[in-house]
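Next come the chains, spelled out residue by residue.
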Amino acid sequence: FIIADTLIIDLSSIVNIIAEEEISIISDVAGTTREAISKALYTEDNFTITISDTAGVRKSRSVEDRIEELMVSNTMRTVQKSHLVLMVIDINDDALLDQDITLAIKAFEDFGKAILIIWNKLDLLPKNSDPLKIIKEKTAKYKHFFDIVPQILFSAKTKRNKEKLIPEIKALWARYSQRIDSKEVYLYIKELLSQKSLFKIQQKLQIQSLHIIKTSPPTFVIRSRQYALFGSSEVNFLTNHLRKQFDFKGVPIIWKINND
């Protein structure tokens, strides 16, 4: 069972496309969606996708502060209940709102939610423009985040790439909920550290054991005598290699390192 959620109002039209019926209010006026609208949109072989279309999260300059606070609160409560977050971005915007990206990163890093980026409104791009170049320029500030999450080029108006939405969501869920043998991961990291040793305060970091205690998000427990020396750079080193080795694109990886 999947609950897919959004941080940006543009999902309303995409929800309607997937559901093939009008269940979300579509408007050019930002902030039209006030409360989360949930509906099971797709079921196949015991696989169900339920999308909660939440209020768009924007800066307080455009609406009253109190309304914005309620919208943000409602959105983040829905995010916390979700498994996957669909972040819909208008590719024609001159700049991304830092608040939107910050909330997406928070959902990924703090709440442990898988992320799928949907670049919408391709139909409004100038003729012969390069969408990938535009995206690269827009996301330069957040390259570290956008490099590790899946992205779809999309048009809600023309329904371009509509056929990719469900497969991408299912693939993201498969990566988020995949079960890997603890021994396989342990041996991989042992081999990795034998080739690329980690040192901290002139001590070589080693691991004594590794166990996978849960999925969705994948959570790994490492026992190490040097557990106190594993800082953010060491954890990021393990995360980056594990993400590539076991295909965790768009999936947060949680580590617990101790000496127990």
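Quick summary incoming for the structure in this document. (Residues numbered from 1 in each chain as written. Predicted model: local features only at pLDDT ≥ 70, side-chain atom pairs only at ≥ 80, totals over all residues. Heavy atoms only, no water.)

Quick word on unusual backbone geometry
And then number 1: With omega at 5°, the peptide bond leading from S216 into P217 counts as cis.
And then number 2: With respect to the element layout, P217 can be found in the loop between β9 (209-214) and β10 (219-223).
And then number 3: Although it is not a glycine, K159 adopts a positive phi angle of roughly 65°.
And then number 4: Residue position: K159 is located in the loop between β6 (151-153) and α6 (162-177).
And then number 5: Judged by its relative accessible area of 45%, K159 falls in the partly exposed class.
And then number 6: Look at S216: it is not a glycine, yet its phi comes out positive at around 55°.
And then number 7: Checked against the element boundaries, S216 lands in the loop between β9 and β10.
And then number 8: According to the relative accessible area criterion, S216 is buried, its value standing at 19%. (Helix = DSSP H or I, 4+ residues; strand = E, 2+ residues; numbered from the N terminus. Buried < 20%, exposed > 50% of the residue type's maximum accessible area, 1.4 Å probe, protein only.)

Digging into the sheet that holds β9
And then number 1: One open sheet accounts for three strands, arranged β9-β10-β11; its pairing is mixed. Both outer strands of the open sheet, β9 and β11 (254-258), are each paired with one neighbouring strand and no more. The average angle at which neighbouring strand axes cross in this sheet is 20°, direction not considered.
And then number 2: With respect to the sheet, helix α8 (residues 232-245) is in contact with β10 and β11, its orientation differing from that of β11 by roughly 135°. (Pairing = 2+ DSSP bridges. Axes fitted to C-alpha atoms, helices over the stretch in contact; angles between N-to-C directions. Contact = heavy atoms within 4.5 Å.)

Brief notes about the packing of aromatic side chains
Aromatic ring pairs are described here by two measures, namely the spacing of the ring centres and the angle between the planes.
And then number 1: Scanning the model with the defined rule gives seven aromatic pairs in all.
And then number 2: Ring geometry for F108 against F145: centres 5.8 Å apart, planes inclined by 80°, an arrangement best described as edge-to-face. Taken as a pair, F108 in helix α3 (residues 98-109) and F145 in helix α5 (residues 143-146) lie far apart in primary sequence, 37 residues in all. By the burial criterion, F108 is buried, and F145 matches it.
And then number 3: Aromatic rings pair up to connect F108, W119, F145 and F146 into one cluster. (Phe/Tyr/Trp six-rings, centres within 6.5 Å; stacked < 30°, edge-to-face > 60°.)

A few points about the layout of surface pockets
And then number 1: Each pocket or cavity is described by its volume, and for the second largest pocket that value is around 310 Å³.
And then number 2: Along the wall of the second largest pocket there are 14 residues; nearest its centre are F108, E109, N236, T239 and R243.
And then number 3: Across the lining of the second largest pocket, the residue classes tally to eight nonpolar, four polar and two charged. (1 Å grid on protein atoms, 1.4 Å probe; cavity = no way out; pocket = protein on both sides within 12 Å on 5 of 7 lines; lining within 4 Å. Points joined across faces, edges and corners; volume = space filled by probe spheres on them. Nonpolar A, V, L, I, M, F, W, Y, C, P; charged D, E, K, R; others polar.)

Notes on the pairing of β10
And then number 1: Taking burial as the measure, the five residues of β10 include four buried ones, the bulk of the element.
And then number 2: Pairing analysis gives five bridges linking β9 to β10, with the strands arranged antiparallel. Paired with H211 across the bridge in β10 is V221.
And then number 3: The hairpin turn running from β9 into β10, its antiparallel successor, is four residues long, and S216 in that turn takes a positive phi close to 55°.
And then number 4: The β-α-β motif built from β10, the intervening α8 and the parallel element β11 has right-handed crossover chirality. (Right-handed = clockwise from strand over helix to strand, strands pointing away.)

Concerning the pattern of salt bridges
Side-chain pairing between opposite charges can occur once the charged atoms of the two side chains come close.
And then number 1: For the coordinates displayed, the defined rule picks out four salt bridges.
And then number 2: Across the pair D90 and K121 runs a salt bridge, and its minimum N-O distance is 3.6 Å. Placement of D90 in strand β4 (residues 84-90) and of K121 in the loop between β5 (114-120) and α4 (131-138) is noted, with a sequence separation of 31 residues between them.
And then number 3: For D90, a relative accessible area of 13% translates into the label buried.
And then number 4: On the basis of relative accessible area, K121 is assigned to the partly exposed category, the value being 26%. (Salt bridge = Lys/Arg side-chain N within 4 Å of Asp/Glu carboxyl O.)

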